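# Secondary and tertiary structure notes
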Amino acid sequence: MFAFILSRILQAVPVLLVVGFISYAMFAFVGDPVTIMLGQDYTEAQRVALVHQLGLDQPFFVQYAKYMWAALHGNFGISYRMARPVGDLIAERLPATLELSLTSAVLAVLVGVPMGVYTGIRRNAVVSRIFMIFSLLGVSLPTFLIGILLILLFSVVLGWLPSFGRGDVVHFAHWSTGFLTPLGLKSLILPAITLGLFQMTLIMRLVRAEMLEVLRSDYIKFARARGLSQRAINFGHALKNTLVPVITIIGLQIGGLVAFSIVTETVFQWPGMGLLLVQSIGVADIPVMAAYLQLIAVVFVCINLIVDLLYYAVDPRLRMDRGRATGGH
Amino acid sequence: MLARFLDSDFVYSFRRSPVAVVSTLVVLACVVGAVGAPWLAPHNPFDLASLSLMDSLQPPVFMADGTAAHLLGTDDQGRDVLSAIMYGTQISLMIGFLAIIFALVVGITVGLVAGYMGGAVDALLMRVTDVQLTFPSILIALLVDGVARAVLPRDFHDRMQIYVLVFAIGIARWPQFARTVRGSTLVERGREYVMAAKVIGLSSPRIMASHILPNVLGPVLVIATLNLGLAILDEATLSFLGVGLPPTQPSLGTLIRIGNDFLFSGEWWVTIFPGVMLAVMVLSINLLGDWLRDALNPRLR
């Protein structure tokens, strides 16, 4: 167990170093921050002072080492656009993105898994067919279009829900939450549905396919022959055995949620990291892009690690096989 | 030859599947409307002389104030929405196709080399694809586009934007092709015809390109179809985010972004019609890809 975790962490280190190098290369070779920050009129002395202040007069490897060391301490440089530390900007916007992604993930799992189980057990029922058509739409409609359609229906036509922003937020130290105010919760509904819909349909289709597969297997037939109740068979035996691939996909999709929150946040003007990234790309604000890339890499590596650990918890076979079979899943 | 093709299993299962026939017709209609836009479109949305602000924001024909001159209404500058959609579809399809071709070339090359060479080359290349597959493609395309924006001079970048998008989307989508090709190449490498080609002294590139390649193309083309829909969505998403094509050269995504500003003042048609067009086109391509996958895979029949 311990050796397994250790090898996974060791595998993650090169990934993080490579991503760090890419983002540093972006930082070092792309654009000229000095001219951007100085604007039209400046003296040579001002320029030299700024170059020195930004540390751009030092050798490449010194800069890279300093960059990585600073990044480890949450210091990602200064945004060209806002002239403020990138770390602060991201810290301000992190709660909004995390609350949105988390709500969407919970929504997708809580709705997607039962829908998948239902369509798997009763594959020919009318409701199942409706679910399947609905899921095809969820996969084919782009996220931003779903958001626009929801805004059109619930904000413009019906006027029930707010169409942009987080509503009222409550601040605790460095954290701001929209969970505690009525307007904050109402503002969360449309973005969370928009962001979670794709994942929800994906989870539903996956659970359905796995259920169909498992329900055909010999041990389910044996369980039926033993006279177990439908309920015990469907949930105790079948659903449990579909969980390994489902957990993998859910884990990978949570990374996708963080990335796709870029689109959702733009549609709903949600003040999170994704909106910050889009605004930064529009004006080629490299430090923000580099910091975002590194942060996302850390998030993905952590998620992959957690997914691997969950395999252990769910599938006892892996615990025995690990010793003999090398080379991952 | 043609008669034999028309008599094949493939054509038979195509005719028997209404979904495949309908989605093919829809895709064909989209392609014809897009490619033929300069001749078929009722107006030219890029001809500034024909635009009149008097025509701006007219509703579609089936609403009270609509006119037959603008079947789907007009946008804020008096551009005909239907014509803009036809021209926009042309750009969206073109970028999608070029991006997939680019991704195919890169992916097939990497996959062939990794699968045929094996060893350290294989391990290195597959490690790169693994790392890239960890990140969602839209994020990679966004970052590539952002870097291009910073590297290229501004007006040059604006002119090159289509190619920047093709590069960004293609680079974000090649690993899947590489993996599939590598898998099939590993199988083909052990076959006797490869052995024979080696014995008569052909060079490795020659064996890869003219002997192994034709035998590994099938599965890749299915994935390419499914990825075409996704690439079109990638482009639409980037354009919607404002980092894709500029309003002077609108793709479907740009049209949706422009129209989004008018949603609250009730002019829903400026954004909904391009959105429906995009959704219908991508849905048909996806359905066609699904059918192709099932039809070419005898195990699923």
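Small disclaimer: the values here were computed from a predicted structure and weren't measured.

## Side note on the overall build of chain A
Looking only at helices and strands, chain A has 13 helices and two strands in total. Within chain A, the proportion of its 329 residues that are buried is 45%. Within chain A, counting contacts between residues at least 6 apart in sequence, those at least 24 apart form 71% of the total. Surface summary for chain A: the accessible area is close to 16700 Å², and the carbon and sulfur share equals 69%.

## Digging into the nonpolar core
In this structure, A:Phe144, A:Leu277, B:Leu139 and B:Leu278 are the most contacted members of the largest nonpolar core, which totals 128 residues. Of the residues forming this core, the biggest block, 15 residues, is contributed by helix 10 (residues 204–241) of chain B. Shared between two domains, this core holds at least three residues of each, these being domain 1 (2–72) and domain 2 (91–282) of chain A. Excluding its chain neighbours within four sequence positions, the residues that come into contact with B:Leu139 are A:Ala259, A:Ile262, A:Leu277, A:Tyr292 and A:Ile296. Ranked by size, the runner-up nonpolar core spans eight residues in total, among them A:Ala96, A:Leu100, A:Ala192 and A:Leu257.

## Observations regarding the domain arrangement of chain A
Taken domain by domain, chain A consists of domain 1 (2–72) and domain 2 (91–282). Between the C-alpha centres of domain 1 of chain A and domain 2 of chain A there is a distance of 36 Å.

## What to know about the interface of chain A and chain B
In this assembly, 39 residues from chain A lie in contact with 35 residues from chain B. Looking at the side of chain A facing chain B, the largest losses of area belong to A:Phe144, A:Ile148 and A:Ile281, adding up to 19% of the total buried there. Elements that contribute at least two residues to the side of chain A that touches chain B include exactly helix 1 (2–29), helix 6 (126–140), helix 7 (143–157), helix 10 (230–268), helix 11 (273–282) and helix 12 (286–314) of chain A. Residues belonging to the side of chain A that touches chain B are distributed by class as follows: 30 nonpolar, nine polar and no charged.

## Overview of the packing of aromatic side chains
In the structure shown here, the tally under the stated rule is four aromatic pairs over all chains. Here the aromatic rings of A:Phe144 and B:Phe240 are separated by 4.5 Å at their centres, their planes lie at 15 degrees, and the arrangement is stacked. Of this pair, A:Phe144 sits in helix 7 while B:Phe240 is found in helix 10, placing the two residues in two different chains. A relative accessible area of 4% means that B:Phe240 is categorised as buried. Look at A:Phe154 and A:Trp160: their rings are 6.2 Å apart centre to centre, the planes differ by 45 degrees, and that puts the pair in the tilted class.

Calculation rules
- Residues numbered from 1 in each chain as written.
- Chains lettered and ligands numbered in written order.
- Predicted model: local features only at pLDDT ≥ 70, side-chain atom pairs only at ≥ 80, totals over all residues.
- Heavy atoms only, no water.
- Helix = DSSP H or I, 4+ residues; strand = E, 2+ residues; numbered from the N terminus.
- Buried < 20%, exposed > 50% of the residue type's maximum accessible area, 1.4 Å probe, protein only.
- Contact = heavy atoms within 4.5 Å.
- Areas by Shrake-Rupley, 256 points an atom, 1.4 Å probe, with all protein chains shown as cover.
- Core = buried A, V, L, I, M, F, W, Y, C linked by side-chain atoms within 4.5 Å.
- Domains from an automatic or database assignment.
- Buried area = accessible area lost by both parts, 1.4 Å probe.
- Nonpolar A, V, L, I, M, F, W, Y, C, P; charged D, E, K, R; others polar.
- Phe/Tyr/Trp six-rings, centres within 6.5 Å; stacked < 30°, edge-to-face > 60°.

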